[in-house]
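Single-letter residue listing:
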Amino acid sequence: MGKLFISEHPLIQHKIAMLRDKNTNTKEFKELISEITMLLTYEATRDLPTSESEVETPVATAKCVNITKDIVAVPILRAGLGMVDGVHNLLPASKVGHIGLYRDPDTLTPVEYYCKVPENVSDARVFLLDPMLATGKTAEAAIEFLKERGAKDITMLCILAAPDGVKTVQKAFEDVDIYAAAYDTALNDKGYIVPGLGDAGDRMFGTK
Ligand code: URA
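Along each chain, residue indices are assigned from 1 in the same order as the chain's sequence is written. Under the rules for a predicted model, residues below a pLDDT of 70 receive no local features and side-chain atom pairs below 80 are neither given nor counted, while totals for whole chains, interfaces and linings still include all residues. In computing side-chain values, all of the structure's heavy atoms are included and hydrogens and water are not.

Chemist: So, the overall build of the chain: which residues are in play, and what are the values?
Modeler: What the chain contains, in helices and strands, is 6 helices and 13 strands. The size measure is the radius of gyration over C-alpha atoms, and the globule rule it meets is 2.2 Å times the number of residues to the 0.38 power. At 18 Å, the chain has a C-alpha radius of gyration in line with the 17 Å of a compact globule built from 208 residues. Dimensions of the chain, computed from C-alpha atoms along their principal axes, come out at roughly 65 × 40 × 30 Å. Residue contacts follow a heavy-atom distance rule, with two residues in contact if any of their heavy atoms lie within 4.5 Å. Residue pairs at least 24 apart in sequence account for 63% of intrachain contacts in the chain once pairs closer than 6 positions are excluded. In the structure as shown, the chain presents an accessible area of about 10,900 Å², 52% of it carried by carbon and sulfur atoms. The sign given to each residue is positive for Lys and Arg and negative for Asp and Glu; His and the chain ends receive no count. Lys charges are placed at NZ, Arg charges at CZ, Asp charges at CG and Glu charges at CD. Separation between the mean location of the 23 positive side-chain charges and that of the 30 negative ones in the chain comes to 3 Å. Secondary structure counts use DSSP, requiring at least four H or I residues in a row for a helix and at least two E residues in a row for a strand, with both numbered from the N terminus. Methods summary: accessible areas were calculated by the Shrake-Rupley approach with a probe of 1.4 Å, and residue burial reflects only the protein chains presented.

Chemist: Run through the environment of alanine 162, naming residues and quoting values.
Modeler: Mapped onto the elements, alanine 162 comes out in the loop between β10 (153-161) and α5 (163-172). Considered as a pair, alanine 162 and proline 92 are 70 residues apart in the sequence and their alpha carbons are 30 Å apart. Beyond its immediate stretch of four places on either side in the chain, alanine 162 contacts Leu133, Ala134, Tyr183, Asp184, Leu187 and Ile193.

Chemist: Can you explain the site of the ligand? Please cite residues and give values.
Modeler: Close contacts around the ligand come from Met132, Ala134, Gly191, Tyr192, Ile193, Gly198, Asp199 and Ala200, and that covers them all. Pairs of N or O atoms within 3.5 Å make up the polar contacts considered here, provided that, within protein, one atom can donate a hydrogen while the other can accept it, and that residues adjacent in sequence are counted only when both atoms are side-chain atoms. Contact between the ligand and glycine 198: a nitrogen atom at 2.8 Å from a main-chain N or O atom of the residue. In this structure, alanine 200 approaches the ligand through a main-chain N or O atom, which is 2.8 Å from an oxygen atom. Against a free-state accessible area of 240 Å², the protein chains account for coverage of 81% of the ligand. Near is defined per residue: the residue qualifies when any heavy atom it owns lies within 4 Å of the molecule or strand.

Chemist: Describe the packing of aromatic side chains, naming the residues involved and giving the relevant values.
Modeler: Classification of ring pairs rests on two measures: the distance between centres of Phe, Tyr or Trp rings, Trp counted by its six-membered ring, which must be within 6.5 Å, and the angle between planes, read as stacked under 30 degrees, edge-to-face over 60 and tilted in between. Counted by the stated rule, this structure contains 2 aromatic pairs. A ring pair is formed by tyrosine 102 and tyrosine 113, whose centres lie 6.4 Å apart and whose planes are at 35°; its orientation type is tilted. With a gap of 11 residues between them, tyrosine 102 in strand β6 (residues 98-103) and tyrosine 113 in strand β7 (residues 110-116) connect regions that are remote in the sequence. Buried residues are those whose accessible area, probed at 1.4 Å on protein chains only, stays under 20% of the maximum for their type, while exposed residues exceed 50% and partly exposed ones sit between those limits. Tyrosine 102 gets classed as partly exposed once you look at its relative accessible area, which sits at 41%. When its relative accessible area of 48% is taken as the criterion, tyrosine 113 is described as partly exposed.

Chemist: I'd like a rundown of the packing of helix α1 (residues 10-20) against helix α2 (residues 26-44), residues and numbers included.
Modeler: Only the stretch in contact is used when fitting a helix axis, every axis being a line fitted to C-alpha atoms; angles between N-to-C directions are given from 0 to 180 degrees. The geometry of α1 relative to α2 is characterised by a closest axis approach of 10 Å and an angle of 155° between their N-to-C directions. If you check the angle between α1 and α2, you find them roughly antiparallel. Where α1 crosses over α2, the handedness of that crossing is left-handed. Contacts from Leu11, Ile12, Lys15, Ile16, Met18 and Leu19 in α1 reach Phe29, Leu32, Ile33, Glu35, Ile36, Leu39 and Leu40 in α2. Of the residues contributing to the contact of α1 with α2, the split by class is 11 nonpolar, no polar and 2 charged. For classification purposes, angles smaller than 35 degrees are called roughly parallel, those larger than 145 roughly antiparallel, those between 65 and 115 roughly perpendicular, and all remaining angles oblique. Each crossing gets its hand from how the near helix is turned against the far one by less than a right angle, where anticlockwise is left-handed and clockwise is right-handed. In this classification, Asp, Glu, Lys and Arg are treated as charged, Ala, Val, Leu, Ile, Met, Phe, Trp, Tyr, Cys and Pro as nonpolar, and every other residue, Gly included, as polar.

Chemist: How would you summarise the environment of glycine 97 if you had to cite specific residues and measurements?
Modeler: Position of glycine 97 relative to the elements: it lies in the loop between β5 (95-96) and β6. The class for glycine 97 is buried, based on a relative accessible area of 0%. The sequence separation of glycine 97 and aspartate 70 amounts to 27 residues, and the corresponding C-alpha distance is 13 Å. If near-sequence neighbours (up to four positions away) are discounted, glycine 97 is found in contact with Val72, Ala73, Val74, Pro75, Lys116, Val117 and Pro118.

Shown next as structure tokens:
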């Protein structure tokens, strides 16, 4: 089963408290999503493969360590877009793919309307970005699409995770790790995480 990492870091918890607050405005919300993603990325990159190198400092030769794996960030449209900067700030060489999914109103199954991923997706550590892992159906479909395109090393980064979402992803894929900044225990009848933070996309883009 893939790993489930829930942050207990005070910095992340403090920022999550501000993010949940209904009085936090769009600008602050976007900044917080980006900062929390950056902190999660730090955690989710601990096990990246490295190689040793030698660097000449002004004083002597230093034995150094370099990351050897490519990174691809793939936001699920639209709310995942707000997390891209957080990854990029730490990993400026990372490439970015995009996945757009909508839910078919009759079958309720996710349908892909846009998917473009970089060519190196099969060799890279792929960070799938979606702030809200609620039912997990969208994440499951996105991971399937990424695997169909050759991705082999996928980690999901989310801001809030709910038990249903975690179960759905873990049941479907035993090789996908999940990193979440916080874990809420319930979903309401509209599929919103409770207490959650509301509609992440609307709050990020000011659409409501
Ligand atoms: N998507 C959101 O934006 N919020 C939720 O609570 C669940 C899914």
